[in-house]
Amino acid sequence: MLGESGHYGGRLVISERTEPKTLNPLTALDGTSRDIIGLISADLIHINRSSLGTEAALAKSWEMSPDGRRYTLRLRRGVRFSDGHPFDADDVVFTFEAYLDERLHSPQRELLIISGKPLRVQKLDAYTVRFELPQPYAAAERLFDSIAILPCRLLKPLYKEGKLADAWGLNTPPEQIAGLGPFRVKEYVSGQRIVLESNPYYWKIDQHGNRLPYLREIVCLLISNPDAETMRFEAGETDVISRLSAAGYSTLEKYENARGFRLYDIGPGLEYDFLFFNVNDLVSRPLGSITYKQTWFRQLAFRRAISMAIDREAIVRLVYQGRARAMWSHVTPGNKLWVNQEIPTGLHDATGARGILRNAGFFWRSDGRLIDPARKPVEFSILHNAGNVQQMQMATMIQADLKEIGIEAHAVPLEFRSMLDRIFKTYEYEAAIMALADGDADPNVEMNVWVSDGGTHVWDLTPKRKLEPWQEEVDRLMNEQLVTLDYPSRKRLYDRVQRLIWENLPVICLVGPDILVGAKKRIGNFHPAILRNHTLWNSEQLFLRQIQ
Amino acid sequence: MFLRATPRIVLPALVGLHLVVLLAGFFAPYDFASQNRMLPFAPPTRIHIIDSQGKLHARPFIYQWKATAEGVPQYKEDHSAVFPIRFFVSVPRYEIVGIVGFRWRLFGVETPARIFLLGSDAYGRDQLSRLLYGGQISLFAGPLATVISLSLGILLGATAGYYGSWIDEVLMRFAEVFLALPWLYLLFAVRAFLPMHAGPNQIFILLIVVIGVIGWARPARLIRGIALSAREREYVLAAKSFGASDAYILRRHILPQVSGVALTQAALLIPRYVLAEVTLSFLGLGVAEPAPSWGNMLAALQHYEIIGSYWWMSLPALALIPVFLAYYSLLAYYTVQDSSISEAIWKHREGFRPI
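Residues numbered from 1 in each chain as written. Chains lettered and ligands numbered in written order. Predicted model: local features only at pLDDT ≥ 70, side-chain atom pairs only at ≥ 80, totals over all residues.

### Digging into the overall build of chain B
Move 1: Within chain B, the secondary structure is distributed over 12 helices and 5 strands.
Move 2: Seen along its three principal axes, the alpha-carbon backbone of chain B occupies a region of about 90 × 45 × 35 Å.
Move 3: Buried positions account for 38% of the 355 residues belonging to chain B.
Move 4: At a minimum sequence separation of 6, the contacts of chain B that also span at least 24 residues come to 69%. (Helix = DSSP H or I, 4+ residues; strand = E, 2+ residues; numbered from the N terminus. Buried ≥ 20, exposed ≤ 12 C-beta atoms within 10 Å, placed from the backbone. Contact = placed C-beta atoms within 7 Å.)

Here it is in structure tokens:
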């Protein structure tokens with residue numbers, strides 16, 4: 001928590017690839033909006049992006065009742081919003097009321113509903129609030145992270161009029177926006193930049209009692225093209241670059257010393273790329289050819305052969321220039337608290353893959369094409385996001401790998417939204433490459449992916465008639481870890497989930513890319529982290545060293 | 001002087017280029033899709049005759065590239081072994097244009113060495129082989145689409161010009177709509193309706209049809225003008241009064257006059273259509289990976305690090321320059337010679353000669 005003590009002043013220039021859609025913490029969905037909101041707001045209990053542990057924020061301390069269902073939070077006194085108005089328990093109660101309101105469709109609402117029942121909040125006095133959970137919930141204090149506390153005085157009138165969802169858009173005058181974060185909005189120029197200035201009422205202090213933040217201003221430029229983003233960082237126009245591609249990293253590496261910046265490869269983050277097959281129940285849909293191919297996709301032997309045929313190390317080397325880690329189950333090596341170290345790392349083995357297919361009744365035609373037991377050639381298409389270069393390269397490599405074992409795979413680049421449409425709505429695809437990234441390292445955020453009726457159970461979203469035994473076990477384990485309170489038992493349960501995913505391959509995990517960022521050397525206290533916001537998570541402590 | 005010699009030099013050169021591309025399987029050392037995953041972005045292989053000990057070799061040879069850095073593609077020559085370049089190497093059977101089976105390639109080196117005369121791409125695929133195979137798509141898209149455009153143009157233009165009245169009105173207003181639309185955006189729009197997932201052959205045919213059909217309007221207008229003036233000529237009127245049918249007059253008196261315009265239009269349209277294919281593939285709407293086309297090869301240059309670090313990736317763009325030069329010199333020649341060409345054609349015909 002304690003960094004080097006800095007000095008005041010200076011302007012930090014950063015960049016984002018898309019414009020923020022809103023500054024309203026309740027409705028923000030996209031990454032840019034969340035990044036900016038992260039700088040201008042604060043939560044009750046915060047997850048430290050570096051240690052991944054929880055730390056006191058607006059709540060200076062908290063207590064859990066022995067049954068794990070009741071949390072009592074004591075709030076900091078004397079804290080003020082960025083417009084100078086004081087903060088107290090009323091703001092907290094109002095905030096949770098708003099987040100839980102169905103009509104506002106807040107994306108965080110889902111996290112605050114535990115087995116169908118909302119979390120209940122109660123004001124005990126002006127600086128004490130109590131939260132009641134419908135059932136014991138593992139690591140419940142992590143729920144409070146990123147729930148931005150809203151000013152009751154400013155927003156309650158709008159809430160009563162039913163206008164809260166539209167509040168705090170980009171055109172709202174800055175003086176009508178107030179938060180508890182280290183910065184506040186100063187200016188927004190559509191399509192160009194958003195300027196934040198230091199919040200004079202911010203509540204954190206450094207070890208010498210000086211009020212944070214150190215920086216006077218943060219300017220966020222909107223640079224939509226990743227190459228342009230790299231070039232402008234190289235030219236010194238921006239001070240920090242988040243989300244560098246591996247290729248961009250090696251380009252910038254050449255100038256690292258000459259241009260006064262430093263690049264950081266902090267190892268794999270929480271994001272992972274994976275290949276999956278469409279095994280949705282398509283009985284009522286006119287998608288005959290896909291239904292036929294599902295007889296292959298549903299065979300474990302088939303998926304295992306595909307997984308074995310893919311040369312993950314080559315993907316790491318060619319697509320990520322070594323700056324990624326090959327993966328065989330879904331938890332990245334970056335998630336040190338939860339990864340199951342016992343999962344065997346497989347090997348690329350085309351001969352082994354052929355053996356598995358032969359045992360499953362497949363055979364090869366004289367021209368080398370793989371034929372299924374019903375004498376049909378094996379062929380399918382792989383969707384990928386046309387805007388994502390890495391996924392395009394992965395698809396091309398997988399195509400070549402599968403050709404080795406006689407499978408004709410077609411890579412189909414699609415614009416991201418129409419790809420999501422096919423995966424989530426029409427189920428009109430055969431296989432796809434996707435990436436998932438979590439906001440937290442805790443298994444609870446993965447619930448919707450692995451539980452069979454979860455909203456991100458991408459490979460099979462239709463209602464199930466009968467579950468396979470391993471899927472039943474995953475459901476049971478995931479729900480059990482949710483209500484287990486101690487870490488070692490939860491870890492045991494989640495280790496088993498990882499092993500089941502590794503054994504049954506509902507998705508074929510490929511690689512976990514490293515988090516690559518860069519920053520000028522003169523930025524003090526710069527410690528990039530694997531959780532988003534990778535670079536500015538400790539924005540209040542960042543400062544610019546004076547140049548001698 | 002130069003102009004007169006143009007077709008004698010340029011035409012054989014163009015035919016030669018197309019033949020080389022058509023026989024890509026023979027001239028290319030490798031298959032376009034074969035990946036060498038230990039050799040991404042290998043620079044062009046250097047050909048030596050003097051080895052690192054200063055010894056002269058009778059047969060040119062190469063050294064293997066050896067990676068010098070982890071991750072980032074950086075190579076130096078591995079002097080421990082020489083790999084002589086061999087000609088007419090025997091390889092597993094491959095097919096030329098999907099018809100003729102063949103077992104030889106013009107040159108190659110023994111494995112594990114690889115010869116990349118124009119370097120390799122992100123997957124370690126030989127750029128020369130991809131350039132040659134890619135030419136099959138890019139170079140042939142031009143002439144084939146031009147045949148479609150000109151056939152449609154001649155048919156509709158001559159019909160409009162000869163019959164006049166409402167047929168002319170309808171066809172020409174329709175042509176104006178096509179001319180008014182920016183063709184690139186029109187191509188995008190049409191391409192968007194077509195299936196995303198199709199084999200390279202289907203995509204190639206689709207591309208040709210789309211490009212060819214969209215381009216019919218300009219030749220049609222020019223040909224209409226010729227037909228319009230020709231039908232008023234005395235010899236046409238005379239033929240009519242003798243009872244000649246419309247089909248006879250079109251075939252005998254009107255279409256022969258069109259050849260000059262058709263040739264200049266062809267010389268103008270072919271390079272433009274080559275570029276249209278390259279543009280569509282560059283933007284990811286053409287043939288899909290791993291099949292190469294000059295456009296999707298150039299697409300790699302959209303990335304800063306590639307354009308900055310690996311110059312050989314831009315060679316397909318250089319290959320376009322002589323192709324354009326050849327077609328445009330033909331265009332210049334035919335434009336100047338337009339009248340003399342139609343004359344030359346008439347010289348060999350008997351009977352009437354239009355004035």
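### Quick word on the overall build of chain A
Move 1: Within chain A one finds 15 helices and 24 strands.
Move 2: Rg of the C-alpha trace for chain A: 25 Å, near the compact-globule value of 24 Å for 548 residues, within the 12% margin.
Move 3: On the principal axes, the C-alpha backbone points of chain A span a range of 80 × 60 × 40 Å.
Move 4: With 548 residues in all, chain A has 46% of them scored as buried. (Rg over C-alpha atoms; globule rule 2.2 N^0.38 Å.)

### Examining the nonpolar core
Move 1: Counting residues in hydrophobic clusters, the biggest one holds 240 residues, and the most contacted among them are Ile382, Ala432, Ile508 and Leu510 of chain A together with Ile211 of chain B.
Move 2: Residue contributions to this core peak at 16 residues, all from helix 9 (residues 246-282) of chain B.
Move 3: Not counting chain neighbours up to four residues away, the residues in contact with Ile211 of chain B comprise Ala141, Ala145, Leu187, Tyr273, Ala276 and Glu277 of chain B. (Core = buried A, V, L, I, M, F, W, Y, C linked by C-beta atoms within 7 Å.)

### Let's talk about the sheet that holds strand 4 (residues 59-64) of chain A
All names here are of chain A.
Move 1: Sheet architecture is open: 4 strands sit in the order 4-5-9-8, paired in antiparallel fashion. The two strands at the open ends of the sheet, each matched to only one other strand, are strand 4 and strand 8 (120-125). Between one strand axis and the next, the sheet turns through 20° on average, direction left out of account.
Move 2: Bridging between strand 5 (residues 70-75) and strand 9 (residues 128-132) involves 5 bridges; their strand directions are antiparallel. Its bridge partner being in strand 9, Arg70 is matched across the sheet by Glu132.
Move 3: Its contacts with the sheet put helix 2 (residues 89-100) on strand 5, strand 8 and strand 9, and the angle it makes with strand 8 is roughly 170°. (Pairing = 2+ DSSP bridges. Axes fitted to C-alpha atoms, helices over the stretch in contact; angles between N-to-C directions.)

### Here we look at the sheet that holds strand 3 (residues 75-84) of chain B
All names here are of chain B.
Move 1: The strand order across the open sheet formed by 3 strands is 1-2-3, and the pairing between neighbours is antiparallel. The strands lining the two open edges of the sheet, one partner per strand, are strand 1 (47-50) and strand 3. Going across the sheet, the axis of each strand differs from the next one's by a mean of 45°, ignoring polarity.

### Some thoughts on the domain arrangement of chain A
Size of an interface, as often reported, equals the accessible area lost when the parts are brought together.
Residue and element names in this part refer to chain A.
Move 1: When its domains are assigned, chain A resolves into domain 1 (31-160), domain 2 (172-268 + 515-544) and domain 3 (272-513).
Move 2: Computed over C-alpha atoms, the centres of domain 1 and domain 2 are 26 Å apart.
Move 3: The partner domain 2 presents 24 residues to the 24 residues of domain 1 that form the contact.
Move 4: Ranked by residue count, the leading element in the side of domain 1 that touches domain 2 is helix 1 (residues 31-40), at 5 residues.
Move 5: Split into classes, the residues belonging to the side of domain 1 that touches domain 2 amount to 13 nonpolar, 6 polar and 5 charged. (Domains from an automatic or database assignment. Nonpolar A, V, L, I, M, F, W, Y, C, P; charged D, E, K, R; others polar.)

### Focus: helix 3 (residues 127-163) of chain B
Residues and elements named next belong to chain B.
Move 1: Compared with the 54 Å implied by 1.5 Å per residue over 37 residues, the 53 Å span of helix 3 between its first and last C-alpha is a close match.
Move 2: At Gly135, helix 3 shows its maximal kink, close to 35°.
Move 3: The element helix 3 is largely enclosed, with a buried count of 27 among its 37 residues.
Move 4: In the segment just after helix 3, Gly164 is the residue with positive phi, at about 60°. (Expected span 1.5 Å × (residues − 1). Bend = angle between axes of the 7 residues up to and from the residue.)

### What about the interface of chain A and chain B?
Move 1: Counting residues at the interface gives 26 residues for chain A, matched by 20 residues for chain B.
Move 2: Elements represented by at least two residues in the side of chain A that touches chain B include exactly helix 5 (226-234), helix 6 (246-253), helix 9 (312-318), helix 11 (389-404) and strand 20 (408-414) of chain A.
Move 3: Among the elements that take part in the side of chain A that touches chain B, helix 11 of chain A stands out by supplying 6 residues, more than any other.
Move 4: Class assignment for the residues of the side of chain A that touches chain B results in 12 nonpolar, 11 polar and 3 charged.

### Quick notes on the packing of helix 14 (residues 469-483) of chain A against helix 15 (residues 487-504) of chain A
Residue and element names in this part refer to chain A.
Move 1: Two elements in contact, helix 14 and helix 15, have axes whose closest approach is 9 Å; the angle formed by their N-to-C orientations is 155°. Regarding the angle of helix 14 to helix 15, the classification is roughly antiparallel. Crossing handedness for the pair helix 14 and helix 15: left-handed. Listed contacts from helix 15 to Trp470, Glu473, Val474, Leu477, Met478, Glu480 and Gln481 of helix 14 are Arg490, Leu493, Tyr494, Arg496, Val497, Leu500 and Asn504.
Move 2: Looking at the contact of helix 14 with helix 15 residue by residue, the class counts come to 8 nonpolar, 2 polar and 4 charged. (Parallel < 35°, antiparallel > 145°, perpendicular 65-115°, else oblique. Left-handed = near helix turned anticlockwise from the far one by under 90°.)

### Regarding the pairing of strand 22 (residues 507-520) of chain A
Residues and elements named next belong to chain A.
Move 1: Of all 14 residues that make up strand 22, 14 are buried, and the element is covered over most of its length.
Move 2: By the bridge criterion, 2 bridges tie strand 13 (residues 240-241) to strand 22 in an arrangement that is antiparallel. Within the sheet, the bridge partner assigned to Val240 lies in strand 22 and is Ala519.
Move 3: In terms of strand pairing, strand 14 (residues 261-268) meets strand 22 through 6 bridges, oriented antiparallel.

### Focus on the environment of Lys336 of chain A
Move 1: Inspection of the secondary structure puts Lys336 of chain A in the loop between strand 16 (324-326) and helix 10 (350-359).
Move 2: Linking Lys336 of chain A and Leu52 of chain A, residues 284 residues apart in sequence, is a C-alpha distance of 9.7 Å.

### Things to note about unusual backbone geometry
Move 1: The omega torsion of the bond from Leu212 of chain A to Pro213 of chain A falls at -5°, within 30 degrees of zero and hence cis.
Move 2: Along the chain, the position of Pro213 of chain A falls in the loop between strand 11 (193-198) and strand 12 (217-222).
Move 3: For the bond running from Thr111 of chain B to Pro112 of chain B, omega is 5°, close enough to zero to count as cis.
Move 4: Of note, Pro112 of chain B is situated in the loop between strand 5 (100-108) and helix 3.
Move 5: One non-glycine residue with positive phi stands out, namely Ser146 of chain A, at about 70°.
Move 6: Relative to the helices and strands, Ser146 of chain A is located in the loop between strand 9 and helix 4 (152-161).

### Section: the pairing of strand 11 of chain A
All names here are of chain A.
Move 1: As judged from the 6 bridges shared by strand 10 (residues 183-189) and strand 11, these two strands associate in the antiparallel manner. By the bridge assignment, Glu187 is partnered in strand 11 with Val195.
Move 2: The antiparallel pairing of strand 10 with strand 11 creates a hairpin that spans 3 residues between the two strands, and Gly191 there sits at a positive phi of about 75°.
Move 3: Where strand 11 lies against strand 12, 5 bridges are found, and the strand directions are antiparallel. By the bridge assignment, Val195 is partnered in strand 12 with Val219.

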